[in-house]
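Descriptive structure summary
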Amino acid sequence: MNSVNTGTIMAGTDMTIEQLKKRANYMRGLNLVSLCCAGSGHSGGTLSMMDLLAALYLRVAKHDPKKPDWDDRDRIVWSAGHKAPALYVSLAVSGYFPEEELAKLRALGAPYQGHPHWRDLPGVEMSAGSLGQGFSVGIGMALAAKLDKKDHKIYIISSDGEQQEGSMWEAAMCASNFKLNNLIMILDRNHLQIDGRTEDVMKLEPLADKYRAFGWEVIEIDGHDMEQIVPALEKARDNTGDKPICILATTIKGKGISFMEDVAGWHGKSPNREELDKSLVELGLTDTFDVQKYFKSINDYQVKVETGLTTKMPKYSRDYWWNTGDNMKAEMDPTRKGMGRALDEYGDDERICCIGADISGSITISNFYDKHPERLNRWFSVGIAEQGGTTVAAGLAREGKIPVFGTYGVFSSARNLDQLRVSVAYAKLNVLIVGAHGGVSVGPDGATHQELESLFQMCGMPNMNVSAPCDSVEVKKATRGLLFEVVGPKYLRFAREATPIITTEETPYIFGKANIFRYRGEKENFIDAFDVCLAENYKDEKEDLTLIACGPETAEACRAAWILKEEFGLETRVVNLHTIKPLDRQAIIRAAVETGAILTCEEHQVGGMGNWIASTVLCDTALAGKRIHFDMLGVQDRFGESGKSWQLIKEFGLSAEHIAEKAKKLVDNR
């Protein structure tokens, strides 16, 4: 970093080109050690950035780890938030915190989330995770610097896939319009994104000419040549013109590791221990890191985390956790796979068109064409462009097609909310929107990727049908039903991680009609311990209470019914509300009348489903004057965190143990 007196210490001294080369190599190794400790994260794009980051953080940018809020520091905004491991490495080698802390990447309670949060960690200028936003944040910072007559610079760390977001070009136009010569875009042009080569997914070239056409000065460099990197950064820093500068750095994804270089599959993958060892050999860093020390650090930390979670968990006479006993075994399967199986099986219908948004394999929408190349003419990859993908789907539906647009729920229910409102719901078009990776169980990706709000948005949208099936089997049934039986706007919400299968092919499923699960006693397999039927066919058994749940939380509600019976002798009616809109009002009213106590359970901000249940109960004339005991369980008005999936279920109080505890109190208070 530059030698600048901040009033506390000297911020550092210039490093030579050769020193920077060595540090960049070291940072690559440290990055991989951190990712291996986490067991997840982004290797490819972090490795491609290291030469640029070494020069930026260790020579060119003004910043002080002893005074991270120094008013005259340069601001480095990571618009490409998925490259967070490289950000943390850059801060560690700059002296913001000990390098050994990097072992806690993506760990629950640690400040090194899967996507960075500025309130967690000094040196992080802005929270990130949804691509295309940091650029405009940087423009706001640059404008503020102009207003305050400050001479510090604002650097934007961006990726080439991010250029597919429409907001990037709004920002590019804005920056040149305001003549922000204090703004510097560092664009990592590694030519790869999750779904493949950028030019195959969504053509970006001629990228340099596009920025020039938007009024920018562009410096094109080899992003791995320190002799080019340092002069480019220094020229941009010393800019006295009236244009913002884009440093367009051609790089190689996975740079430095032979088996990672230029391989799209390493975008969001971390190395295992064997791959880490091979990588350190290739980098010439075999004896540089005490890898065992890093692993011991994270293992000790995880023991501490688990101990804390165990302490907070409600206690019972025995352990009812999934697959810990000799019986009640459950098969686990990711709910997202149910949609993929449905598209694979039913995709021959010529009306069906699928629209991908760069994470196609992750959410399994690519199953539509994986084994069916003849369907590729009905597959449209729009890249990282959720707003555009939504309205493209609307256009297809207007012409009689059945479009399926899928991405993570945080992007398919919020980033594109206006497009959903006007072009899909208001137009009442037959579009299936897929919200994958719902809930905190997404895990280590962290808060920005954990969709906890979609039920508020989608259920509040006129004309919208909303489904949150309980397991992968039911997701497949729901997908089929939404494709062929429900005509109009529709939203399908499901999770990422493997969750218990609690239904079979024979389990009844009708869109809009709830199911009832009744615990009958312990069996070898969890699924066999319950009778299931349509709510409209259920005969009252005078249960003590009702649990109403949706999505994978339904399995937790069933497990809670098991606990309540075995521990307290309580009989529980579990309502699987796989369709939230339209609501099965009769199932809810009957449960209220017949059991007198309802607890709603959702892996979502509390009330997303529960508020609909509450209003149904309160507004029904049949219940006037009757006292119904009611409570809701869900995420309590907070964002998610990074952590292991099941850790987060415990941390956020969403497990069966928490449900049973709350349900028991509800019954006791009658």
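Residues numbered from 1 in each chain as written. Predicted model: local features only at pLDDT ≥ 70, side-chain atom pairs only at ≥ 80, totals over all residues. Heavy atoms only, no water.

1. Remarks on the sheet that holds strand 22 (residues 629-635)
- Pairing in this open sheet of six strands is mixed, and the strands run 17-16-19-18-21-22 from one edge to the other. Sheet topology places strand 17 (530-534) and strand 22 at the edges, where each strand pairs with a single neighbour. In this sheet, neighbouring strand axes are inclined to one another by 20° on average, regardless of whether the strands run parallel or antiparallel.
- Of the pairings in the sheet, the one linking strand 21 (residues 597-605) to strand 22 comprises six bridges and is parallel in character. Opposite Gln605, over in strand 22, you have Val635 as the bridge partner.
- Sheet contacts for helix 23 (residues 656-668): strand 18 (545-549), strand 21 and strand 22; angle to strand 22, the most-contacted strand, approximately 160°. (Pairing = 2+ DSSP bridges. Helix = DSSP H or I, 4+ residues; strand = E, 2+ residues; numbered from the N terminus. Axes fitted to C-alpha atoms, helices over the stretch in contact; angles between N-to-C directions. Contact = heavy atoms within 4.5 Å.)

2. A few points about the pattern of salt bridges
- According to the stated counting rule, one finds 56 salt bridges in the structure shown.
- In this structure, Arg237 engages Asp238 in a salt bridge whose closest nitrogen and oxygen atoms are separated by 3.1 Å.
- Taking the relative accessible area as the measure of exposure, Asp238 reaches 48% and is therefore partly exposed.
- Between Glu651 and Lys312 there is a salt bridge; the shortest N-O distance is 2.8 Å. (Salt bridge = Lys/Arg side-chain N within 4 Å of Asp/Glu carboxyl O. Buried < 20%, exposed > 50% of the residue type's maximum accessible area, 1.4 Å probe, protein only.)

3. Digging into the side chain of Thr46
- Its place among the elements puts Thr46 in helix 2 (residues 44-60).
- We classify Thr46 as buried; its relative accessible area is 0%.
- Here the side chain of Thr46 touches Asn31 through a polar contact of 2.9 Å, side chain to side chain. (Polar contact = N/O pair within 3.5 Å; in protein donor to acceptor, adjacent residues only side chain to side chain.)

4. Here's the deal with the nonpolar core
- Residues Leu53, Leu56, Tyr88, Phe97, Phe289, Phe526 and Leu547 are the most contacted members of the largest nonpolar core, which totals 117 residues.
- No other element matches the 11 residues that helix 2 contributes to this core.
- In this structure, Leu53 is in contact with Met27, Leu58, Trp78, Ala86, Ser90 and Ile157, ignoring residues within four places of it in sequence. (Core = buried A, V, L, I, M, F, W, Y, C linked by side-chain atoms within 4.5 Å.)

5. So, helix 9 (residues 273-282)
- Those residues of helix 9 that sit buried are Glu275, Leu276, Ser279 and Leu280. Looking straight down helix 9, one finds that the buried residues subtend no more than 135° of arc, so they occupy a single side. More than 90 degrees from the buried face of helix 9, the exposed residues found are Glu274 and Val281.
- Among the structural elements, helix 1 (17-38) and helix 10 (291-312) are those in contact with the buried residues of helix 9.
- Near the N-terminus of helix 9, the side chain that reaches the backbone nitrogen of Glu274, with its oxygen 3.2 Å away, is that of Asn272. (Arc of directions from axis to C-beta.)

6. Concerning unusual backbone geometry
- Geometrically, the link from Glu205 to Pro206 is a cis peptide bond, its omega value of 5° lying close to zero.
- Following the sequence through the fold, Pro206 ends up in the loop between helix 6 (198-201) and helix 7 (207-213).
- With an omega of 5°, the peptide bond running from Lys581 to Pro582 counts as cis.
- Checked against the element boundaries, Pro582 lands in the loop between strand 20 (579-581) and helix 20 (585-595).
- For Lys542, which is not glycine, the phi torsion reads 55° and is therefore positive.
- Position of Lys542 among the secondary structure elements: in the loop between strand 17 and strand 18.
- Taking relative accessible area as the criterion, Lys542 reaches 65% and is therefore assigned exposed.

7. Side note on the packing of aromatic side chains
- Throughout the structure, instances matching the rule amount to 19 aromatic pairs.
- Residues Phe135 and Trp216 carry aromatic rings whose centres are separated by 5.7 Å and whose planes lie at 70° to one another, so their mutual orientation is edge-to-face. Of this pair, Phe135 sits in helix 4 (residues 134-147) while Trp216 sits in the loop between helix 7 and strand 6 (217-222), placing them 81 residues apart in sequence. When sorted by exposure, Phe135 lands in the same class as Trp216, which is buried.
- Ring geometry for Phe526 versus Phe530: centroids 5.0 Å apart, planes at 45°, classification tilted. In this pair, the class of Phe526 matches that of Phe530, namely buried. (Phe/Tyr/Trp six-rings, centres within 6.5 Å; stacked < 30°, edge-to-face > 60°.)

8. Topic: the pairing of strand 1 (residues 75-78)
- Across the two faces of strand 1 the burial is the same, with Arg75 and Val77 and Ile76 and Trp78 all buried.
- Examined bridge by bridge, strand 1 and strand 2 (residues 154-159) share four bridges and lie parallel to one another. Paired with Val77 across the strands is Ile156, a residue of strand 2.

9. Quick look at the confidence of the model for the chain
- Taken residue by residue, the chain gives an average pLDDT of 96. The fraction at 70 or more is 98%.
- Overall, residues 1-12 carries pLDDT values under 50, and its contacts beyond four positions in sequence, including any with other chains, amount to 39 contacts. (pLDDT = per-residue confidence, 0-100.)

10. Quick word on the environment of Asn177
- If you trace the backbone, Asn177 turns up in helix 5 (residues 166-177).
- Classification of Asn177 by relative accessible area gives exposed; the value is 53%.
- Between the C-alpha atom of Asn177 and that of Lys477, which follows or precedes it by 300 residues, the distance is 51 Å.

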